[in-house]
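Next come the chains, spelled out residue by residue.
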Amino acid sequence: MEPETQTTTPALPPVPGDGLRWVFLGPDGLRAGWSVLIFLAALVALLAALVTAAARFHLLDRKAGFTPANMFMNEVVSLLALLGAATITALVERRRLVDYNLRDARGSRHFFSGLAVGFAALSLLAGALVAGGWMHFGGVALTGGAIASYAVLWGLTFLMTGLFEEGTFRCYLQYTFTRGLNFWWALGLVMLMCAGTAVASKGHGGWGVYAMAVLGIGPCLLLHLRRVPGSGFWQSAWVTSTLFGFVHTGNGGENWIGIFGAAAIGFVFCVSVRVTGSAWWAIGCHAGWDWGETYFYGTPDSGLVVRGHLLTTTHAGRVLWSGGADGPEGSLLVLVVVVLLLVWLMAVYGRGRTSRIAAPAANQAAG
C-alpha cells in the first residue's frame, strides 16, 4: 500500500517585492517559529482560562493532590486546551488537525498495538526489578467493584495524558519543527533548554537533560554536514526529546536517570512516528505504560504513589537499580527497556521500509 500523503493548504510563498512578507511566510506557509509562538500563546491562555473556570465550578482542586477524580479533570482541561490551541494554529496555517502526524489509515491498529506494548514494557521492567530483589510486591490494595471502577477511571485519565503529551510533542511540535529546523536552530534550542535546566533544576535531575543534549549533537551535525534528505525530522526529534526530558525536571521526584529515560523514550516515540506514519502508536504506548505503572502495579511515579492503585510495591537496595522514590523509571534498567522498545519498533515496522510520513517542505530557518 502506498503511504498516505498529508493534505495541507499552506499560504503561497512570498515573491520578490512582497516587502516583509518573507519574514512570516516561507515555502511551506507560515514559518515554523511564528507557528510555535502562536501555538504556545494559545495553549497557555486556554490552560489558564480553563483551569480558572474548572476551579470556579469546583471541578478541579489544585490542593486536593493526586486523587483519581482530580487528575482526571486536570487531564480533561489540559487536553481541551491543547485541542483549542492546535485548532487555532491549524486555522492560521490553513491545515487540518490530522496533518500534525495524526493522519493514518491504520491508526486504531497502531494505537492498540502501542497500548499493549506499553503495558508489556512496563511489566518487563517491573519483573526485572522483582527478579533482582530491588522491588517487592505486597497485597492487593483494592477489593470488589473498586478494582474495575479505578481501572476504568485511571485508563481514561492516562488515555488523555497520552493524547495531551504526545499531541503536544510528537504531533504538533514534531511536525512543525520538522519543516522549520536546521541543525543550528536545533542546537540553539537545545542549548537554551540546558541553560534553563542549570538555572531552574533542583538536585541532579538536570544531568538527564544534558546527556540527551550531548548525545544528539554528533549525529545531527553529521546529518547536517552531509545534507541528508529528511534530516529535519531528526533535528526535530533531538529537540522534542530533549524538551520532553526538560519538562519532567519540574516533577520534583525525578532523578537524572528518570529524566534521561523520559527523553530517551521521547526519542523512541519520534521513531515510531517515522516508521508507522503517525503518533497513534506513541499515544497508545504512553497510556499503557502509565496505566501499568500507576494503577496496575502501584509503583511510585516521580516520587508519588496515587490513590486507587491495584497492587502495592516497595523498593529495596541501591537506588541506581531500584529507582528509589522515583519508582521504576528512575532505575538504570529503564534504559535497557527503552532500547528493547526501539528494537521492537524497528523489527516490526522498520524492516526495509522508508518513512511512512510525508515530509513537509524543505527545511527552512525557524521564525
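Since this is a predicted model, take the numbers as computed values, not measurements.

Here's the deal with the overall build of the protein
Line of reasoning, step 1. A count of helices and strands for the protein gives 12 helices and 4 strands.
Line of reasoning, step 2. When each of the 367 residues of the protein is scored for burial, the buried share is 50%.
Line of reasoning, step 3. Pairs at least 24 residues apart make up 77% of the contacts formed inside the protein by residues separated by at least 6 positions.
Line of reasoning, step 4. Accessible area of the protein: about 16700 Å², with a carbon and sulfur share of 70%.

Concerning helix 10 (residues 280–296)
Line of reasoning, step 1. With 17 residues, helix 10 should cover 24 Å at 1.5 Å per step; its first-to-last C-alpha distance of 22 Å lies within 8% of that length.
Line of reasoning, step 2. Counted residue by residue, helix 10 has 14 buried out of 17 residues, so it is predominantly covered.
Line of reasoning, step 3. Directly beyond the C-terminal end of helix 10, a positive phi value near 65 degrees is found at Gly298.

Thoughts on the packing of helix 8 (residues 231–248) against helix 9 (residues 256–276)
Line of reasoning, step 1. Packing of helix 8 against helix 9 brings their axes to within 8 Å, and their N-to-C directions diverge by 145 degrees. Once helix 8 is placed against helix 9, the crossing between them reads as right-handed. Along its contact with helix 8, which presents Phe233, Trp234, Ala237, Thr240, Ser241, Phe244, Gly245 and His248, the element helix 9 presents Ile259, Ala262, Ala263, Ile265, Gly266, Phe267, Cys270, Val271, Val273 and Arg274.

Describing the packing of aromatic side chains
Line of reasoning, step 1. Scanning all chains against the criterion turns up 23 aromatic pairs.
Line of reasoning, step 2. Judged by centre distance (5.2 Å) and plane angle (90 degrees), the ring pair of Trp207 and Tyr210 falls under edge-to-face. With a gap of 3 residues between them, Trp207 and Tyr210 both fall in helix 7 (residues 207–225), about one helical turn apart.
Line of reasoning, step 3. Residue Trp207 is classed as exposed on the basis of its relative accessible area, which comes to 53%.
Line of reasoning, step 4. For Tyr210, a relative accessible area of 21% gives the class partly exposed.
Line of reasoning, step 5. Aromatic side chains Phe233 and Trp234 sit 5.0 Å apart centroid to centroid with 85 degrees between the ring planes, which places their arrangement in the edge-to-face category.
Line of reasoning, step 6. For Trp234, a relative accessible area of 25% gives the class partly exposed.
Line of reasoning, step 7. Above the plane of the ring of Phe244 lies Arg170, whose end atom (NZ or CZ) is 4.4 Å from the centre.
Line of reasoning, step 8. One residue, Arg274, lies across the ring of Phe233, its end atom 4.9 Å from the ring centre.

What counts and what doesn't
Residues numbered from 1 in each chain as written. Predicted model: local features only at pLDDT ≥ 70, side-chain atom pairs only at ≥ 80, totals over all residues. Heavy atoms only, no water. Helix = DSSP H or I, 4+ residues; strand = E, 2+ residues; numbered from the N terminus. Buried < 20%, exposed > 50% of the residue type's maximum accessible area, 1.4 Å probe, protein only. Contact = heavy atoms within 4.5 Å. Areas by Shrake-Rupley, 256 points an atom, 1.4 Å probe, with all protein chains shown as cover. Expected span 1.5 Å × (residues − 1). Axes fitted to C-alpha atoms, helices over the stretch in contact; angles between N-to-C directions. Left-handed = near helix turned anticlockwise from the far one by under 90°. Phe/Tyr/Trp six-rings, centres within 6.5 Å; stacked < 30°, edge-to-face > 60°. Lys NZ or Arg CZ within 6 Å of the ring centre and 35° of its normal.

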